[in-house]
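Examination of the molecular architecture
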Amino acid sequence: MGATLVILDPLGEVAVTDHPLAPRLRDLRGKTLGIIDNGMPGSNDILSTLADMMRETEGIKEVIVRIKPNVSRPAPPEIVNELVARCDFVICGVGV
């Protein structure tokens, strides 16, 4: 009797949802920036420096920073929903 070879496809299927891009802001002056920090080493330094530069050069009025609880997982819905409600734009950043 011959052996059976079973080959599994590791790719699986991923449901893709089409989301239109948000309209670009014409000006950042007076806007609120949200930052999602992924918590990797160096990310806080990089993102806080970027926020300071944007305050100086672009006139951003407020910065709201939230740190993901798990570096390898997406930001939890409560963080995303808060930033959507409170911010004009959001930067998601990584460390080194």
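See the structure shown above.
Treat the numbers as computed from the prediction; the structure is a model and nothing was measured.

Analysis parameters
Residues numbered from 1 in each chain as written. Predicted model: local features only at pLDDT ≥ 70, side-chain atom pairs only at ≥ 80, totals over all residues. Heavy atoms only, no water. Core = buried A, V, L, I, M, F, W, Y, C linked by side-chain atoms within 4.5 Å. Buried < 20%, exposed > 50% of the residue type's maximum accessible area, 1.4 Å probe, protein only. Contact = heavy atoms within 4.5 Å. Helix = DSSP H or I, 4+ residues; strand = E, 2+ residues; numbered from the N terminus. Lys, Arg positive; Asp, Glu negative; His and termini not counted. Salt bridge = Lys/Arg side-chain N within 4 Å of Asp/Glu carboxyl O. Polar contact = N/O pair within 3.5 Å; in protein donor to acceptor, adjacent residues only side chain to side chain. Patch = residues over 30% accessible without salt bridge, like charges linked within 9 Å, V, L, I, M, F, W, Y side chains within 5 Å. Areas by Shrake-Rupley, 256 points an atom, 1.4 Å probe, with all protein chains shown as cover. Pairing = 2+ DSSP bridges. Axes fitted to C-alpha atoms, helices over the stretch in contact; angles between N-to-C directions. Disulfide = S-S within 2.5 Å.

**Re the nonpolar core**
Counting 9 residues, the largest nonpolar core consists of Leu28, Leu33, Ile35, Leu47, Ala51, Met54, Ile60, Val63 and Phe89. Apart from residues lying up to four places away in sequence, Met54 is in contact with Leu28, Leu33, Gly59, Ile60, Phe89 and Ile91. If you look at the next biggest cluster of nonpolar residues, it comprises 6 residues, including Ile36, Ala75, Ile79 and Cys87.

**Quick word on the side chain of Asp37**
Mapped onto the secondary structure, Asp37 falls in strand E1 (residues 32-37). Of the side chains with opposite charge, Lys68 lies nearest to the buried Asp37, which makes no salt bridge, at 8.6 Å. A distance of 2.7 Å separates a polar atom in the side chain of Asp37 from the backbone nitrogen of Gly39. If we ignore the near neighbours within four places in the chain, the residues touching Asp37 are Ser43, Asn44, Leu47, Arg66, Ile67, Lys68 and Gly93.

**A look at a nonpolar patch on the surface**
On the surface, Met40, Val71 and Val94 cluster together into a nonpolar patch covering about 250 Å² of accessible area. Structurally, Val71 can be placed in the loop between strand E2 (62-67) and helix H2 (77-86).

**Focus on the sheet that holds E2**
Strand order in this open sheet of 3 strands is E2-E1-E3, and the pairing throughout is parallel. Each edge of the open sheet is held by one strand with a lone partner, namely E2 and strand E3 (89-93). Across the sheet, the mean angle from the axis of one strand to that of its neighbour is 20 degrees, orientation sign disregarded. Across 6 bridges, the pairing between E1 and E2 is parallel.

**With respect to the state of the cysteines**
Across all of its chains, the model carries 0 disulfides by this definition. Left without a disulfide partner, Cys87 is nearest to the cysteine sulfur of Cys92, which lies 11 Å away.

**Side note on the pattern of salt bridges**
Under the criterion given, the structure shown has 4 salt bridges. Between Arg86 and Glu82 there is a salt bridge, with its nearest N and O atoms 2.8 Å apart. Of this pair, Arg86 and Glu82 both sit in helix H2, separated by 4 residues, roughly a single helical turn. The class for Glu82 is partly exposed, based on a relative accessible area of 23%. Members of the salt-bridge network, linked through shared partners, are Glu62, Arg66, Glu82 and Arg86.

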